[in-house]
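Remarks on the overall topology
The lines below spell out each chain.
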Amino acid sequence: MGTVFSFGNKLLQKEVTKLNNIKKIAIIGSGTMGIGIGIDILNKTGCEVVFIDIADSALEKASMDIGNYFSGLVTDGRMMEEQATESLARVSYSKDFALLGQTEIICEAATERIDVKKVIFGNIEKHADLKKLVFVFSNTSSHTTAELAILFTDSFLREKFLTGHGYFPFHINRLFDVMKGKYASEETFIAGVAFAEQVLEKKVIALRNDHHGYVADPIFEGMGAIIHWDVETGQDLVELPQIFELLTANPFQVLDRTGHMPYTECAKHLGQALPAHDRLKSLYNQGGRHYPQWIEDLEKSGRIGASSKKKEGFFKWNGTPNKEKITGVYDPESKSYVAIREINHLDYWSLSEAAALDYRESTIKSINGLIRIADSDDKGGRSFRRYVIPIMLYALDLIQDHYTTAADIDSSTKVGLRFKYGLCEIIDNFLDHFGIDGFIGLVKKSGLENPDRCELFDLDGKIGPRKENPSLLYLMKKKGWSNLLGYGRIYGTPVSQRNFTTGMMDIYYNDLRYIYPSKKERVASIIFDNPLRGNVWNRNTLDQLDHAIGISIGLYEKGILGALLFTASGKGMRMLGADARQFNKGWFDAKTGYQFLGEQEASYFTKAGVKLFRFIQEMPVWTFGVFGEKWGGGAEFTYFLNQRFDLVLKGVEFDSLKRKNVLRIKKNYNQPEIEYGILGGFGAVQELVRLGFGESLIDELFLQGLTATRAYELGLSNGVGEDEYELLERAFELARLKQKYAVPYAVALYNLQKKNAFAEGHNDERLTRETGETFNPAKNPYISTSLLRLLNIGGQNPPLNLAVQGNLPGWKNNYNTLYDQ
C-alpha cells in the first residue's frame, strides 16, 4: 500500500508511526540486487535512497542502470518525464559510510564473504544513528541471522538486525524472506515483516528460526548442485536440467542472468556451515571441493553470465541487455563454447509423452506429466528420480525439522522460483497418485538406481545426514494424513496447510492476506495481495476468498466477528478484474489464438463468483471496501459491499485530443468489458441498478468511468480521500464502531427489508408483522439486552451476546451447500 496500516494489530500499531515516517534508506552494495532494491524503493515510496559502495565503477553502473530504467518507463508511456526526474532526484551515490547516520533503514546487499561483511558491519556500527535506526536488513543468501548479528559488538544493533532477502529481479519478483534469529527483538521482527509486506508489497516468508538460505535459496542451490557434479560436456548443461525446466527453468540459465558469484559463495558457505542433519550437505562437499573445478575456471576467467563483458557464462549469449539469446553452451571438456545439439528424444521419450498428455488436456507443464516421467525408465525418468526426488524429500525435511511450513515451501517455490505449481502441490499430487506406500517405493527405487548418492534418498533414518530421523512420510502414514495442503472447493487450488504440531489445517493464501479480528474490535481484514497472475479474479483467488469467507462466517456465528474490511495491497490499492486466461481452453498460445472453453465451463466462473459475492452481500456482517483504481470484476466486487471508500489518485493516461500522455486524476470505477467483446460477468449492470443508478449513469460509468469524486457525488462512493493511511483509518474506525452493536437479528432483518423493498416495493403488512416479531424475545433473543441501551441509558447493562442465537430473519447460513447446485 506504500504505507503501513495495523488492521487492528496492537503490536504492529506500535511500529506504524516509525515505519510511515521513514525518510531515507541506505543500500550498501550497488550490484544487481542492490540496484533492484533501490528501484523498488524509489517506485513504491517517497523515500530518499543513498547507495554506498567502495568501488566507483559499481556506483557509476548503478547510476546508469537506474537512470536507464526510469528513462524506459518514460519511453514506454508508464511515467511522465517530471515523475522520472523526481524519482532520480531522490537517489544519490557515495563511498562515504558516514551517510548511514542519516538513514532509518540500512539494507546490506554486498558479497557473501564473511570477511567483507565484517568490515561493512563495522562501518554500520560506527556510523548508524541508533536513535533513528528502525532496522538493518542483510540480503544474504546463505548466512543465518545469528552468524551475522554477532559481527556487531553493540547488543542494540543485534536487536535491530534481520536478514531480509529478495529474489532476482528484485523489483519484479514478489518473494521476500525475513528471518528473525535469536538476537532480533520482537518489535524489530514485526517492523521488518510489515515493511516488506506493506511497503515493498512482497509475499513475505517470515521465519522465526534461523535456517541457512531461508527456504527458496537452498532449494534453488540444491537444484544446481545436484546436477553440476554430473556435468561433463556442454550438452549435459542442456539435457540434464530439462527436468527442472518442467518445474520452472534451467537453473544454469537463471544463474547466467543473476551472476555466478552468489552461487559459488553460497556453495562454499553451505558446505561449511550446514548442520550435520541437512540432507543436501553432501552436494557441497565432494572430493574436497564445494563445487566443481570447471565452475571455478569459468569464474576465474570472468565468464560469470550474460552481464559479463563477453556475455559468457554457462552459456554464450548475444543481444541487447536483458534481451539476450543463447547462442552456445560451455563445454568443460574443451573449455570452449560449442553449438547446442538437438536432444535425442528417443532417450527422453517420457518427456515427449508428458508433452503429448499436456496437449491432449490443453495444459502445459502439468503435474500429471511429471508423474508420467517419474514413473518411466528412460533417461527422463532416471533424471527425475536422481535430481528431483531428493529436492522433494528435502522439502519434507524442512517441515519435519520445524524450520518452515508446507505453505512457506509452496509459496517460495511458486512465487520466488517461479514454479508453475508449488513444490508441496507437486508432492501432494504424487502422494495422491502413488499413495504414501507407493511413493515410498518410488523413493527406494531411486536410491537403488543411484548408489553413489544413496544418502540423499534415505527415508528410514538408517544412513547419512538423516540417520535416526525417519521421514515425515511415516508420521503422515501413521496419522492417516495423505496431503500437506488443503484445496478449495470451487477449483481445487491450495487454500490451507497442515499444521504438523496440532494436526489442524491452517490458512495458506498466495493471493490474499487474512487478518483475524481481535476480541475487542471484531473486524477481520481481507487484503487482495498482488495476485500472482496480475488480475485479481482467477481460480486461485476465488478458492481463497471462498475459504476466507467460510472462516469469517464461522467466527461470526460465534460472535467473534461483526465486520469485514476489504482492501488491496500495492501503492494506490489497485483492484483489477478477471484474468482473461481463465476463459481460454488450456495455456494461451498466441500462435493458435483463443480456444473456446465451452459454455458450461466458461459460465461456471460467473456462477461461482456471483454465488460467493451474493453470499457476502446477504450475510449479516457489515462489509467495507477501501480501494483505488478498479477495473471490470474488481469494480463489480465492490458493488456487493455495504460501503465503498475510494482513493483519489493521479496517474499517466493518454489524452487522445492532445495526442500525448498527461498526468491527471484517474478513474476509480472502470467497466471496459464491451471494448473486448465481453460483458460485466459479475453483474455490473444489475448491481448498479440495485444501487440506484439509472440508464444514463450506468452508461457514463461504462463509457467514461467514474473518478472517486464523481462516484461520491452520485452516491456510489461513501467516502473519498487522497491519503491511503487516512482512508483506511476512517473505514476501519467505522467498521470498528458499527460492529460493537451489530445485533445479528437486526442486521439480518435490515438486509431482508432491503431485499424485499427492491424486489416488491413497500409492504405495510409485512412491516407491521416484522415489528411485532422484533420486540418478541421468543423470536428475537437479543431484544432483552440490546434494548436496555435505550431503556436504561447510563445504567450498568449486561454485555451483548453477539453470537448467533436461534433463527435470523431472512438468512440461513447455507455456506456449506453454496455450490451444490
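Attention in this report is confined to the structure presented alongside it. Residue positions are counted from 1 within each chain, in the order its sequence is given. Per-residue local features are limited, in this predicted model, to residues with pLDDT of at least 70; the limit for side-chain atom pairs, both in listing and counting, is 80 or more; totals at the level of whole chains, interfaces and linings are taken over all residues. As a convention, hydrogens and water are excluded, and side-chain values are obtained from all of the structure's heavy atoms.

Here strand E4 (residues 105–108) shows a buried face lined by Ile105 and Cys107 and a second buried face lined by Ile106 and Glu108. Of the strand pairs in this sheet, strand E1 (residues 24–28) and E4 are connected by 4 bridges, and their pairing is parallel. Its bridge partner lying in E4, isoleucine 25 is registered against isoleucine 105. Pairing geometry for E4 and strand E5 (residues 135–138), over 4 bridges, is parallel. Note on E5: the bridge partner recorded for isoleucine 105 is phenylalanine 135. Note that the unit made of E4, helix H5 (residues 114–127) and E5 has a crossover that is right-handed. When a residue's accessible area, from a 1.4 Å probe over protein chains only, is under 20% of the maximum for its type it is buried; when over 50% it is exposed; and in between it is partly exposed. To qualify as a helix, a DSSP run of H or I must reach at least 4 residues; to qualify as a strand, a run of E must reach at least 2; elements of each kind are numbered from the N terminus. Whether two strands pair depends on DSSP finding at least two bridges between them. Looking down the strands as they point away from you, a crossover is right-handed if its path from the first strand over the helix to the second goes clockwise.

Before going further, it helps to examine the sheet that holds strand E14 (residues 505–507). The 3 strands lie next to each other as E12-E13-E14, forming an open sheet whose pairing is antiparallel. Single-partner strands in this sheet number two, and they are strand E12 (485–487) and E14. If you compare each strand with its neighbour and ignore which way they point, the axes differ by 40 degrees on average. Pairing of E12 with strand E13 (residues 494–498) involves 3 bridges; the strand directions are antiparallel. Helix axes are fitted to C-alpha atoms over the stretch in contact, other axes to C-alpha atoms as well, and angles between N-to-C directions run from 0 to 180 degrees.

Before going further, it helps to spend a moment on the packing of helix H16 (residues 367–374) against helix H17 (residues 379–400). Two measures define how a pair of helices packs: the angle their axes make with one another and the distance between the axes. Orientation of H16 relative to H17, taken along the N-to-C sense of each, is 100 degrees, at an axis distance of 7 Å. In this view, H16 runs roughly perpendicular relative to H17, as classed from their interaxial angle. Of H17, the residues touching H16 (which contributes Leu370, Ile373 and Ala374) are Gly380, Gly381, Phe384 and Arg385. Residue polarity is assigned by list, with Asp, Glu, Lys and Arg as charged and Ala, Val, Leu, Ile, Met, Phe, Trp, Tyr, Cys and Pro as nonpolar; anything else, Gly included, falls into the polar class. Of the residues contributing to the contact of H16 with H17, the split by class is 4 nonpolar, 2 polar and 1 charged. Oblique is the label for any angle not under 35 degrees, not over 145, and not in the 65 to 115 range, which are roughly parallel, roughly antiparallel and roughly perpendicular in turn. Only heavy atoms enter the contact rule, under which two residues are in contact if any of them lie within 4.5 Å.

Time to look at the packing of aromatic side chains. A pair of Phe, Tyr and Trp rings is counted when the ring centres sit within 6.5 Å of each other, with Trp represented by its six-membered ring. The angle between the planes then sorts it: under 30 degrees is stacked, over 60 is edge-to-face, the rest tilted. With the rule as written, the count across this model stands at 40 aromatic pairs. Relative to phenylalanine 7, the ring of phenylalanine 5 lies with its centre 4.9 Å away and its plane at 85 degrees, an arrangement referred to as edge-to-face. When sorted by exposure, phenylalanine 5 lands in the same class as phenylalanine 7, which is buried. Each ring, one from tyrosine 556 and one from tryptophan 811, has its centre 6.2 Å from the other, and the planes form 85 degrees; the classification is edge-to-face. Of this pair, tyrosine 556 sits in helix H21 (residues 539–557) while tryptophan 811 sits in the segment after helix H31 (788–791), placing them 255 residues apart in sequence. Each member of the pair tyrosine 556 and tryptophan 811 is classed as buried. Members of the aromatic cluster, each reached through a chain of ring pairs, are Tyr491, Phe528, Trp537, Phe566, Phe583, Tyr604, Phe605, Phe613, Phe627, Phe637, Phe640 and Phe682. When the ring centre of phenylalanine 170 is taken as origin, the NZ or CZ atom of lysine 202, which lies over that ring, is 4.3 Å away. Working rule: Lys NZ or Arg CZ, within 6 Å of ring centre, within 35 degrees of ring normal, means a charge sits over the ring. The positively charged end of arginine 789 is found above the aromatic ring belonging to tyrosine 741, 3.5 Å away from the centroid.

Strand order in the open sheet formed by 3 strands is E9-E10-E11, with antiparallel pairing between adjacent strands. Taken across any chain shown, the strands that pair with only one partner, and hence form the sheet edges, are strand E9 (315–318) and strand E11 (336–338). Neighbour-to-neighbour, the strand axes of this sheet turn through a mean angle of 40 degrees, independent of strand direction. Bridge analysis of E9 against strand E10 (residues 325–331) gives 4 bridges, and the strand direction is antiparallel. Bridging across to E10, lysine 316 finds its partner in glycine 328. Contacting E9 and E10, helix H12 (residues 251–258) crosses the sheet at an angle of about 55 degrees to E9.

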